[in-house]
Each structure stands twice: as C-alpha cells, then as structure tokens.
Amino acid sequence: MKRDSKLSSVLHVLLHLAHSERPMTSEQMAGMLDTNPVLVRRVLAGLRERGYISSERGHGGGWTVTCDLATVTLRDVYDAVGAPTVFAMGNRNEHSACLVEQVVNASLADAFQEAEALLVRRLGDVTLADLSRDFNLRYDNHPHRRPEHEHAPG
C-alpha cells in the first residue's frame, strides 16, 4: 500500500517558500515533488484559506509564505491538508458478527487511537520556525552548500 506523503510534501514546499527570495510557481514546486502542478495547487488551497500562504497570478507571480513561522505548527498544516489518515493498517471487517473479530477490532482500535493521538499531539509541539532553524543549521554545516538551495535534476 502506498503511503500518503501529502503532509511531508507540503512541509517540503513550505520550507522552500520560506527560504525563497521570490515567489515560486506551482510548476516549480511540482518539479521538486515529481508531481502535477494541479495537484500542488489543490493541496496548497487549504493553506491559502488559513492565511499561511498566498498566491499571485501573472508574470512574476507565484506562491509566498504569509504567516509567522513561529505560530504555525505541524498540526496546523496537518489539519489544513485534510488530516490524512495516519495508519494504513485497519480492521479486516469493521462490522463483524464474530465475537473474536469484535475483540480484535476493539483492541486494535484502542491502540490505533492512542498512537494517532500521540502523533497529532507531537505535531502540535513543532512549529514551522523549528523546521526552518533545523534547515538553517544543516545548510550552514553542509560542505557543498549553494547560494540557493535547489534540487539536483533527476
């Protein structure tokens, strides 16, 4: 089963936007993520609605970060992209008449709920500014850093 990488992808482009000196187009971001620009725009719409980013059309236009990175948590971004399902695992049959399966389902449901609640709480403890600081430290210590961080082709 393919993993849902929407949150990771959005955080990726948000950090690029935060460190870019100019707006970035959907096409540029789609190239970074190896996806379609329409999908990028669709996912970014939730962030725009919350005021985290904005977009301008036309020559020189594109997407920019409009929020204070210190006030937006990974939980906020997670919610803005639709709170994707955390686990790919689930019950074999949600509404079984079998008592054994009911016991298994109840046990797994409790474990999944606890694990998801822990993860979502942790996302609320990390801000975009935290990610930005970590990127800056890694960039400053990278032996082959470039004036503008960009993706190598391929």
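Now for a quick tour of the structure. This structure is a prediction, so every number in the text was calculated from the model and none was measured.

Definitions and cut-offs
- Residues numbered from 1 in each chain as written.
- Predicted model: local features only at pLDDT ≥ 70, side-chain atom pairs only at ≥ 80, totals over all residues.
- Heavy atoms only, no water.
- Helix = DSSP H or I, 4+ residues; strand = E, 2+ residues; numbered from the N terminus.
- Rg over C-alpha atoms; globule rule 2.2 N^0.38 Å.
- Buried < 20%, exposed > 50% of the residue type's maximum accessible area, 1.4 Å probe, protein only.
- Contact = heavy atoms within 4.5 Å.
- Areas by Shrake-Rupley, 256 points an atom, 1.4 Å probe, with all protein chains shown as cover.
- Lys, Arg positive; Asp, Glu negative; His and termini not counted.
- Charge placed at Lys NZ, Arg CZ, Asp CG, Glu CD.
- Core = buried A, V, L, I, M, F, W, Y, C linked by side-chain atoms within 4.5 Å.
- Axes fitted to C-alpha atoms, helices over the stretch in contact; angles between N-to-C directions.
- Parallel < 35°, antiparallel > 145°, perpendicular 65-115°, else oblique.
- Left-handed = near helix turned anticlockwise from the far one by under 90°.
- Nonpolar A, V, L, I, M, F, W, Y, C, P; charged D, E, K, R; others polar.

**Description of the overall build of the protein chain**
Part 1: Of regular secondary structure, the protein chain possesses six helices and two strands.
Part 2: Going from N to C terminus, the protein chain has its helices and strands arranged as α-α-α-β-β-α-α-α.
Part 3: Its C-alpha atoms give the protein chain a radius of gyration of 19 Å, clearly above 15 Å, the size a compact globule of 154 residues would have.
Part 4: Residues classed as buried in the protein chain amount to 30% of the 154 residues present.
Part 5: Counting contacts in the protein chain only where the partners sit at least 6 residues apart, residues at least 24 apart contribute 59% of the total.
Part 6: When the accessible surface of the protein chain is split by element, carbon and sulfur atoms take 52% of a total near 10600 Å².
Part 7: Of the side-chain charges in the protein chain, 17 are positive and 20 negative, and the distance between the mean point of each set is 3 Å.

**Section: the environment of Q102**
Part 1: Here Q102 is to be found in helix α5 (residues 99-123).
Part 2: Excluding residues that lie within four positions of it along the chain, Q102 makes contacts with S96 and A97.

**Things to note about the nonpolar core**
Part 1: With 29 residues, the main nonpolar core has L14, M29, L44, L47, I53, V77 and L128 as its most contacted residues.
Part 2: Of all the secondary structure elements, the ones that give two or more residues to this core are α1 (6-18), α2 (26-33), α3 (37-49), α4 (74-80), α5 and α6 (128-141).
Part 3: Counting residues per element, this core draws most heavily on α1, which supplies six residues.
Part 4: Excluding its chain neighbours within four sequence positions, the residues that come into contact with L14 are L47, I53, V65, V77 and L128.

**Notes on the packing of α1 against α2**
Part 1: Where α1 meets α2, the closest approach of the two axes is 11 Å, and the angle between their N-to-C directions is 125°. Classified by the angle their axes make, α1 and α2 are oblique. Of the two possible hands of crossing, α1 and α2 adopt the one that is right-handed. Of the residues in α2, those in contact with S9, H12, V13, H16 and L17 of α1 are M29, M32 and L33.
Part 2: In the contact of α1 with α2, the residues fall into five nonpolar, three polar and no charged.

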